Amino acid sequence: MIEIKNEELFGKIIAEEMASINGNRVLTTWEMTRFVNALAKASLRIQTSGTFMDFDRDNDKLTIWSDSNLIYTVGADKTCQCKAAINGTVCWHRAAKRLASRYLLAEAVSERREPILATV
Ligand SMILES: [Zn+2]
């Protein structure tokens with residue numbers, strides 16, 4: 001299960017991802033649209049269906065139980081088994097893996113920092 005406990009932090013990561021898509025000069029307008037759509041869908045799904053996702057930090061792997069009742073896994077090699085990915089296009093599962101791994105790492109770091117900040 002993935003639970004967003006720190007909405008502000010999650011929002012910050014989404015904004016950074018959006019900026020990096022926007023700043024990527026290699027992407028065509030069409031590709032940029034696909035990436036933005038994937039990011040938007042991934043953000044929403046993590047927030048609304050995080051219960052059906054699991055991030056395995058040790059193996060850097062996100063498992064998603066999708067609406068279509070299929071299970072997709074995105075590992076460190078960033079591959080996905082869905083139709084879009086097999087056809088070589090952008091899929092939200094990979095965007096979700098990037099978002100989830102970045103968020104969970106940032107959350108762990110911020111939780112570790114809080115007691116130190118509290119004493120300052
Ligand atoms: Zn996929």
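Since we're looking at a predicted model, the values are computed, not measured.

(A) Seen up close, the overall build of the chain. A tally of regular secondary structure across the chain gives four helices and three strands. When its helices and strands are written in sequence order, the chain yields α-α-β-β-β-α-α. The principal-axis extents of the C-alpha atoms in the chain amount to approximately 50 × 35 × 25 Å. Classification of the 120 residues of the chain by burial places 22% in the buried group.

(B) Structural view of the pairing of strand 2 (residues 61–65). Here strand 2 shows a buried face lined by Leu-62 and Ile-64 and an unburied face lined by Lys-61, Thr-63 and Trp-65. The pairing of strand 1 (residues 53–56) with strand 2 spans four bridges and is antiparallel. Pairing of Asp-56 across the sheet is with Lys-61, part of strand 2. The turn linking strand 1 back onto strand 2 is made up of four residues, and Asp-60 within it adopts a positive phi angle of 50°. By the bridge criterion, four bridges tie strand 2 to strand 3 (residues 71–74) in an arrangement that is antiparallel. From the neighbouring strand, Thr-63 faces strand 3, where its bridge partner is Thr-73.

Definitions and cut-offs
- Residues numbered from 1 in each chain as written.
- Predicted model: local features only at pLDDT ≥ 70, side-chain atom pairs only at ≥ 80, totals over all residues.
- Helix = DSSP H or I, 4+ residues; strand = E, 2+ residues; numbered from the N terminus.
- Buried ≥ 20, exposed ≤ 12 C-beta atoms within 10 Å, placed from the backbone.
- Pairing = 2+ DSSP bridges.

So, to be careful, I would describe these as geometric facts and stop short of saying anything about function.
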